[in-house]
Amino acid sequence: MVRNFFKNETQPANAGGAFTIQRMHFQHLPYVVAIEKKSFKHPWSYSLFLSELSNKIAHYFVAFLGSRVIGYVGLWIYLREAHITTFAIHPEFRRKGYGTKLLHYALEFAKSKGCKEVLLEVRVSNQVAQALYRRFGFSEIGIRKVYYSDGEDALVMRKSL
């Protein structure tokens, strides 16, 4: 069961075994950065996540299983458009439906803020993530050449809400 924290986003995670989502706060960052390092060749830094928490258009959420942070998602909302900036699930918890629940939550949050579409970039080599996004109705709209620091291109995907 996914709890809705739109109204009370500072509620602590359930200490049982429930899957919950809440707004990201600075105390979550050590866990988020650890997942980031396990998930990406070129991870975001602690300071980058910290700066995003004070970004007026940014909204970041963490997923818990019991009291353990197992994933996170970030999005920027500007006018009627959302842009997913980052999304990861700890490797131990992938392919168990948690990423699907977290992405669904982020899309519903964007819709609740009046967004009409969502955009994201994903590595052209990341077929697993692309498949997840396609299941949610995202479609390819372009390529950003040499988007990542290692020179890999990004596939730009869009979904109407």
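Now for a quick tour of the structure. Quick caveat, the model's predicted, so the values are computed rather than measured.

### A few points about the environment of E140
- With respect to the helices, strands and loops of the structure, E140 is situated in strand 6 (residues 139–144).
- It is 4.4 Å that separates the C-alpha atoms of E140 and M157, two residues lying 17 residues apart in sequence.
- For E140, the side chain forms a polar contact with the side chain of R134, separated by 2.3 Å.

### Topic: the layout of surface pockets
- When its volume is computed, the largest pocket comes out at roughly 1,200 Å³.
- Looking at the largest pocket, it is lined by 39 residues, and the ones nearest its centre are F40, F87, N126, A129 and Y133.
- Elements that contribute at least two residues to the lining of the largest pocket include exactly helix 1 (29–39), helix 2 (46–53), strand 4 (81–89), helix 3 (98–112), strand 5 (117–123) and helix 4 (127–135).
- For the lining of the largest pocket, the element with the highest residue contribution is strand 4, accounting for seven residues.

### Examining the sheet that holds strand 1 (residues 19–23)
- As summarised here, the arrangement of the seven strands in space is 1-2-3-4-5-7-6, forming an open sheet in which the pairing is mixed. The open sheet terminates on both sides in strands that have one partner only, identified here as strand 1 and strand 6. The mean angle between the axes of side-by-side strands here comes to 25 degrees, regardless of whether they run parallel or antiparallel.
- Note: strand 2 (residues 58–65) against strand 3 (residues 68–78), eight bridges, orientation antiparallel. Residue pairing across strands places F64 opposite V69, the latter belonging to strand 3.
- Lying on the sheet, helix 3 is in contact with strand 1, strand 2, strand 3, strand 4, strand 5 and strand 7 (154–160); it crosses strand 3 at an angle near 30 degrees.

Criteria and thresholds
- Residues numbered from 1 in each chain as written.
- Predicted model: local features only at pLDDT ≥ 70, side-chain atom pairs only at ≥ 80, totals over all residues.
- Heavy atoms only, no water.
- Helix = DSSP H or I, 4+ residues; strand = E, 2+ residues; numbered from the N terminus.
- Polar contact = N/O pair within 3.5 Å; in protein donor to acceptor, adjacent residues only side chain to side chain.
- 1 Å grid on protein atoms, 1.4 Å probe; cavity = no way out; pocket = protein on both sides within 12 Å on 5 of 7 lines; lining within 4 Å.
- Points joined across faces, edges and corners; volume = space filled by probe spheres on them.
- Pairing = 2+ DSSP bridges.
- Axes fitted to C-alpha atoms, helices over the stretch in contact; angles between N-to-C directions.
- Contact = heavy atoms within 4.5 Å.

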